[in-house]
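Chains, contacts and geometry: an overview
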Amino acid sequence: MGELEIVKHVKYILTVEKKKDDFESVVMEHLRLNGAYWGLTTLDILQKLDTVDVNEVVSWIMECQHESGGFGGNIGHDPHVLYTLSAIQVLALFDKIDVLDIDKVADYISSLQNEDGSFSGDIWGEIDTRFSYIAICSLALLHRLDKINVEKAVEYIVSCKNLDGGFGCTPGGESHAGQIFCCVGALAITGSLHHIDKDLLGWWLCERQVKSGGLNGRPEKLPDVCYSWWVLSSLIMIDRVHWIDKGKLVNFILDCQDKENGGISDRPNDAVDVFHTYFGIAGLSLLEYRGLKPIDPAYALPVDVVNRIFLRK
Ligand SMILES: [Zn+2]
């Protein structure tokens, strides 16, 4: 426990898995676009984004774009909304969204909306409320929400609401914290939070805190640092974050640090990875831990980045 090892985490991100010294090459070869988003957003929250070569990252991202307008996880990979949102988010971190042909990207995303308002993740058609969030978040960041039927998109998400107040991936699907973040985030971005029973959902979410202070994703599951993000951000969006013990959660996340080499794991004493390092530090940012940039709970980007996008237009 103790302090957040900021210097060590920066070093960890910059030398991920110690495979190479050069951050960009590691991101490019091993972690792909999602990894770039986790690593670079972590650096930005730690106020160290200036340690990376912007032009190298931006030109690599643009090489991941497919002719359809969507992005693949790496150069030559098939496009999917998952990677398309990461591409937009990373470009947003560097204030480089203008390198995109915005309408082309927005047309790719809007082409994935189905008749019932739901979204497919790619041309193969798997449907999930995660993809609804990704489409809505991406289009909002591009100022192109008008390209989809927002009303139907919201209707579909609301049709995935359960009696416990949570949300599943499709209608009738079990409530899960990751899915709840996606649905609450999409409703927040579209100004539709009135569809949520905040007390009921807030109760389900705060029940995710276990004895150690950590949060789990569903009843009877082990706590995991990544749920610090999904549960906390949802509680903040519905204004119920004071229902959990924040101090105990901070201690749980700090307990998951590798204090020697940097990085954060899912649970104390497990192996660290970039995914949990990002969610741990993003969680601490939501908990207003000192020295960290505040992060926006709906867009999963630093607040100053989100403000730059929305105050400009
Ligand atoms: Zn996890």
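Anything mentioned here points back to the structure above.
Values in this document were obtained by computation on a predicted structure and should not be read as measured data. (Residues numbered from 1 in each chain as written. Predicted model: local features only at pLDDT ≥ 70, side-chain atom pairs only at ≥ 80, totals over all residues. Heavy atoms only, no water.)

As a further point, take the side chain of serine 138. Counting through the fold element by element, serine 138 comes out in helix α6 (residues 129-141). Other than its neighbours up to four places away in sequence, serine 138 contacts Leu85, Ile88 and Ile109. (Helix = DSSP H or I, 4+ residues; strand = E, 2+ residues; numbered from the N terminus. Contact = heavy atoms within 4.5 Å.)

What follows is about helix α9 (residues 198-206). Taken residue by residue, α9 has Leu201, Gly202, Trp204, Leu205 and Cys206 as its buried positions. Elements that come into contact with the buried residues of α9 comprise α8 (177-189) and α10 (226-237). (Buried < 20%, exposed > 50% of the residue type's maximum accessible area, 1.4 Å probe, protein only.)

Turning to the coordination of the zinc ion, a few remarks are in order. The zinc ion binds to the protein through Asp224 (OD), Asp224 (OD), Cys226 (SG) and His276 (NE2); the donor distances cover 2.2 to 2.4 Å. Positions of the donor residues of the zinc ion along the chain correspond to the pattern D-x1-C-x49-H. (Donors = N, O, S within 2.8 Å, 3.2 Å for Na, K, Ca; no water.)

A few words now on the state of the cysteines. Tallied over the full model, the rule gives zero disulfides. Here cysteine 182 is not cross-linked by a disulfide; its sulfur's nearest cysteine counterpart is in cysteine 183, at 6.6 Å. Using a relative accessible area of 7% as the deciding quantity, one classes cysteine 182 as buried. (Disulfide = S-S within 2.5 Å.)

Core analysis: the biggest nonpolar cluster contains 106 residues, and Leu40, Ile61, Tyr133, Val184, Trp229 and Leu284 have the highest contact counts within it. Excluding its chain neighbours within four sequence positions, the residues that come into contact with tryptophan 229 are Phe181, Phe279, Ala282, Leu286, Ile295, Asp296, Pro297 and Ala300. (Core = buried A, V, L, I, M, F, W, Y, C linked by side-chain atoms within 4.5 Å.)

Within this model, the largest pocket holds a volume of roughly 480 Å³. If you go around the largest pocket, you meet 21 residues; those closest to its centre are Trp38, Leu82, Ile134, Trp230 and Phe279. Listing elements by their share of the lining of the largest pocket, those giving two or more residues are α2 (23-45), α4 (81-93), α6, α8, α10 and α12 (274-286). When the residues that make up the lining of the largest pocket are grouped by side-chain class, the tally is 14 nonpolar, six polar and one charged. (1 Å grid on protein atoms, 1.4 Å probe; cavity = no way out; pocket = protein on both sides within 12 Å on 5 of 7 lines; lining within 4 Å. Points joined across faces, edges and corners; volume = space filled by probe spheres on them. Nonpolar A, V, L, I, M, F, W, Y, C, P; charged D, E, K, R; others polar.)

This next bit is on the packing of α4 against α6. Relative to each other, α4 and α6 sit at 30°, their axes nearing to 9 Å. Judged on the interaxial angle alone, α6 and α4 are roughly parallel. Considering the relative orientation of α4 and α6, their crossing is left-handed. Residues Val81, Leu82, Leu85, Ile88 and Gln89 of α4 lie in contact with α6, whose contacting residues are Arg130, Phe131, Tyr133, Ile134, Cys137, Ser138 and Leu141. Classifying every residue of the contact of α4 with α6 gives nine nonpolar, two polar and one charged. (Axes fitted to C-alpha atoms, helices over the stretch in contact; angles between N-to-C directions. Parallel < 35°, antiparallel > 145°, perpendicular 65-115°, else oblique. Left-handed = near helix turned anticlockwise from the far one by under 90°.)

In a packed pair of helices, the relevant descriptors are the angle between the two axes and the axis-to-axis distance. Between helix α11 (residues 246-255) and α12, the shortest axis-to-axis distance is 10 Å and the interhelical angle comes to 155°. As summarised for this structure, α11 and α12 are arranged roughly antiparallel, according to the angle between their axes. Judged by the twist between their axes, the crossing of α11 over α12 is left-handed. On α12, the residues touching Val250, Ile253 and Leu254 of α11 are Gly280, Gly283 and Leu284. Within the contact of α11 with α12, the residues separate by chemical class into four nonpolar, two polar and no charged.

What follows deals with the pattern of salt bridges. Counted according to the given criterion, the structure contains 13 salt bridges. The closest approach of N and O atoms between arginine 267 and aspartate 266, which form a salt bridge, is 3.5 Å. Through salt bridges that share partners, Asp103, Asp107, Arg144 and Lys147 make up one connected network. (Salt bridge = Lys/Arg side-chain N within 4 Å of Asp/Glu carboxyl O.)

In this section: the packing of aromatic side chains. Scanning the entire structure with this criterion turns up 10 aromatic pairs. Put simply, the rings of Tyr37, Trp38, Tyr227, Trp230, Phe275, Tyr278 and Phe279 pair up and form one aromatic cluster. The aromatic ring of tryptophan 204 is capped on one face by arginine 208, whose charged end is 4.5 Å from the ring centroid. Just above the ring of tyrosine 289 sits the side chain of arginine 290; from NZ or CZ to the centre is 5.1 Å. (Phe/Tyr/Trp six-rings, centres within 6.5 Å; stacked < 30°, edge-to-face > 60°. Lys NZ or Arg CZ within 6 Å of the ring centre and 35° of its normal.)

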